[in-house]
Structures are given as structure tokens and as C-alpha cells.
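# What the coordinates show
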Amino acid sequence: MPGRTIITGASGSIGAAVTRALAERGEAVVMACRNPEKARSVRERILAEFPAADLEIRPLDLSSLDSVRSFAASFDGERISSLFNNAGAINRGYALTGDGLEKTFAVNYFSPVLLTLLLLSRMDPDARIVNMVSLTCRFVSLTGSALRPAPEEFSQLGTYARSKLALLHFFLELARRRPDLRINVADPGIVNSNMISMGRWFDPLADLLFRPFCKSPEMGAVPALAALSSAGRNRYFVGKRCLEMPRRYVDPEKGRQLFEETLRILQQPF
Ligand SMILES: NC(=O)c1ccc[n+]([C@@H]2O[C@H](COP(=O)([O-])OP(=O)(O)OC[C@H]3O[C@@H](n4cnc5c(N)ncnc54)[C@H](OP(=O)(O)O)[C@@H]3O)[C@@H](O)[C@H]2O)c1
């Protein structure tokens, strides 16, 4: 029996589209979601189309490391074939989580990293790990206190982009240390979802002028679905293409430093 696929943020636009596509293929999915009601309505919608779909909802709040630990512990004795680190947030303001981490970094970076590390021992030998990144990564760099920005270093888009860039670097280093795993990234492009609402006065204008030109969640799901079934490693999936990791992201020394610093912050052995 193959293990199941875990999808974080399966209640969101792209997460739900990927869950639906896997259900259509007959693959079993664990929907890792913070809002059970929203997750249930996505599950019911998919079951209405595919009544035999194997979809289980398990609670996961990525703004809490304890929630990540409980979620991971719930897989004791189970096997995992793929992990899709899809959930993400683009917070308007600076905030700290109960763990003392900047919240955007907690949700987009520290929790997916911790979740992955805690689940490694349960993964099938050729398990797939797919991380959702963003084209915004190319416009930022990681320096100094990037993982724990101070309030004056925070910006809505900049912090979001740096959290995704950190995810990319961490997983390149994990792939170097664990060549048995199929670790890839997916970039969905610009997708018509909640994510592109900035919580600002200009949102209604952007909804009118910009949203109609964004991709549908189904289109945004295409790179992740390709990555989830790929036997490749360190590939960058975007649109319908599977690219070599862009050279601007390949920096082994930065990856090593970031990896070590992250394990220190999380107090997580590897
Ligand atoms: N939309 C784009 O243009 C775009 C572009 C590049 C990358 N991405 C990335 O694609 C991924 C999916 O985004 P989307 O466009 O589908 O947006 P979305 O519809 O807003 O979905 C985001 C998902 O993340 C979940 N989430 C947020 N905070 C969480 C937390 N603390 N704990 C657990 N789950 C949490 C949300 O849960 P709730 O359902 O409870 O809100 C939701 O399921 C994200 O990683 C995003 O950064 C999106």
C-alpha cells in the first residue's frame, strides 16, 4: 500500500485544486488545515464529484510549532508518500507568534521546515516533497537577521518573498543532505485567490482591473501536480515547464548556514 499525500492549506484555492486532482487520480490525501469548517466544505465538494475519494482532514495551524508537533505525531505508524508544503500567508503587519517568531516566517518557513523534518522518518524511500514558492523570490535576498526580522525590517511583500526564498534555500540544502528524497519547488504564477488581496484600500480596484488576468486555481495547481509526480530533484516547476533550479538560487554556503541557523532556532536535531 502506498502512503498518503499530505497537503497543507488544502482548504485554500490552489490546495483545494491539487486535492481535487489527486482525488480524481484515486490518490489518498490528508488535508492539513487550520479551519475545519472550510476544510470540510472543500472535502464535501470533492466527495460530491468523486464519492470514493480517500480524504481525511487533520488540524494543523502553522502559526504554532506545538500544532506542527502534534500534527506530525499523529502520523505515528503511518506512511507518507508525498508532502506538499502549500499553505502560505502574506500578513499585512508585523506580529510575533506564541513561539516568538515573526508570523509570516513562522507560517511560510519555520513550520513547513519543522513539519518536514518531523515527518522524514515516516516517508517512503522515494517520497516527494514539494514546496510552494513565488516569483517574488527573485526580487529579494537574505541577509543578516532575515529569518527573524525586526519590526522596522518588515514589509508585507518583502517579508513574504524572503520567507519563500528561505524555504527554497533550506530545501536545496536538505536535498543535498538527503539525496534519496525527491525535493522540488512549484511556482504557481499569479493566481486568483485570497493570497493576492493585500488588505489595502486599493484591493477593490485591483479586483476589478487585475484579478481577471490572473490564473485560475486549477492553472495554478499545474506546476505542483507535475512536481508531485516527478522523479526528479531540485527542479523548478513553473507553468507547464520543469526547469533546472535557476542559478541565482543555488548557493551551497548560504544553504548550509541557513540550515544550521534554522535547526538552532527550532532546537531541532537533524
Ligand atoms: N495566489 C498567488 O498568486 C500565489 C503566487 C505565488 C505563490 N503562492 C503560494 O501558493 C500557496 C497557496 O496560496 P493560494 O493562492 O491558494 O492562497 P489561499 O487560497 O489564501 O490559500 C492559502 C492556504 O494557506 C492556509 N493557511 C494560511 N495560514 C495558515 C496557518 N497559520 N496554518 C495553516 N494553514 C494556513 C490557508 O488556510 P485557510 O483556508 O484557513 O485560510 C489556505 O488554505 C501559498 O503558499 C502562496 O504563498 C500563491
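Preceding block: the structure.
The text that follows walks through the structure, step by step, so that each part is easy to find. In this text, all values refer to a predicted model and were calculated from it rather than measured experimentally.

### Thoughts on the overall build of the protein chain
The helix and strand inventory of the protein chain stands at 8 helices and 8 strands. Taking 2.2 N^0.38 as the reference for a compact globule, 270 residues should give roughly 18 Å; the C-alpha atoms of the protein chain span a radius of gyration of 17 Å, in line with that estimate. Projected onto the principal axes, the alpha-carbon positions of the protein chain cover approximately 50 × 45 × 35 Å. Among the 270 residues that make up the protein chain, the fraction classed as buried is 52%. Counted over contacts in the protein chain with a minimum sequence separation of 6, partners at least 24 positions apart contribute 77%.

### A few points about the packing of aromatic side chains
Summed over the entire model, instances satisfying the criterion amount to 10 aromatic pairs. Between Phe170 and Phe171, the aromatic rings sit 5.5 Å apart at their centres with planes inclined by 70°, giving edge-to-face as the arrangement. The pair Phe170 / Phe171 is uniform in exposure class, with both members buried. Here the aromatic residues Phe105, Tyr109, Phe110, Phe170, Phe171, Phe259 and Phe270 are joined through ring pairs into a cluster of three or more. A cation over a ring is seen here: Arg58 above Phe75, with NZ or CZ 4.2 Å from the ring centre.

### Digging into the sheet that holds strand β4 (residues 80–85)
Sheet architecture is open: 8 strands sit in the order β3-β2-β1-β4-β5-β6-β7-β8, paired in mixed fashion. Either end of the sheet is taken by a strand with one partner, and the two such strands are β3 (55–59) and β8 (241–244). When the angles between neighbouring strand axes are averaged without regard to direction, this sheet yields 20°. Of the pairings in the sheet, the one linking strand β1 (residues 4–8) to strand β2 (residues 29–33) comprises 4 bridges and is parallel in character. What sits directly across from Ile6, in β2, is Val30. Along the sheet face, helix α4 (residues 103–119) touches β1, β4 and β5 (123–132) and points at about 175° away from the line of β4. Here helix α5 (residues 156–177) sits on the sheet and contacts β4, β5, β6 (182–187) and β7 (235–238); the angle it forms with β5, its principal contact strand, is near 160°.

### Focus: the environment of Arg176
Within the element layout of this structure, Arg176 appears in helix α5. Overall, Arg176 belongs to the exposed group, its relative accessible area being 51%. Measuring from C-alpha to C-alpha, the distance between Arg176 and Gly255 comes to 9.6 Å, with 79 residues separating the pair along the chain.

### Concerning helix α3 (residues 65–73)
All buried positions along α3 are accounted for by Leu65, Ser67, Val68, Phe71 and Ala72. Down the axis of α3, the smallest arc covering the buried residues is 155°, so these residues share one side. Opposite the buried face of α3, at more than 90 degrees from it, the exposed residues are Asp66 and Ala73. Where the residues of α3 are buried, they touch β1, β2, β3, α4 and α8 (252–266). Two or three places before Asp66, at the opening of α3, Ser64 has a side-chain oxygen 3.3 Å from that residue's backbone nitrogen.

### Considerations on the nonpolar core
Residues Ile6, Tyr109, Leu119, Leu168 and Phe170 are the most contacted members of the largest nonpolar core, which totals 54 residues. No other element matches the 10 residues that α4 contributes to this core. Not counting the four nearest positions on each side in its chain, Ile6 is found in contact with Val30, Ala32, Phe71, Phe75, Ile80, Ser82, Leu83, Phe84 and Leu119. Judged by nonpolar contacts, the second largest core, of 30 residues, contains Ile14, Cys33, Leu55 and Ala227.

### Let's talk about the pattern of salt bridges
Throughout the structure, instances matching the rule amount to 17 salt bridges. For Arg256, the salt bridge goes to Glu253, with nearest N and O atoms at 2.7 Å. Of this pair, Arg256 and Glu253 both sit in helix α8, 3 residues apart, roughly one helical turn. Under the relative-accessibility criterion, Arg256 is labelled partly exposed at 35%. A single salt-bridge network, built from bridges that share partners, covers Arg4, Glu56, Arg58 and Glu78.

Conventions and cut-offs
Residues numbered from 1 in each chain as written. Predicted model: local features only at pLDDT ≥ 70, side-chain atom pairs only at ≥ 80, totals over all residues. Heavy atoms only, no water. Helix = DSSP H or I, 4+ residues; strand = E, 2+ residues; numbered from the N terminus. Rg over C-alpha atoms; globule rule 2.2 N^0.38 Å. Buried < 20%, exposed > 50% of the residue type's maximum accessible area, 1.4 Å probe, protein only. Contact = heavy atoms within 4.5 Å. Phe/Tyr/Trp six-rings, centres within 6.5 Å; stacked < 30°, edge-to-face > 60°. Lys NZ or Arg CZ within 6 Å of the ring centre and 35° of its normal. Pairing = 2+ DSSP bridges. Axes fitted to C-alpha atoms, helices over the stretch in contact; angles between N-to-C directions. Arc of directions from axis to C-beta. Polar contact = N/O pair within 3.5 Å; in protein donor to acceptor, adjacent residues only side chain to side chain. Core = buried A, V, L, I, M, F, W, Y, C linked by side-chain atoms within 4.5 Å. Salt bridge = Lys/Arg side-chain N within 4 Å of Asp/Glu carboxyl O.

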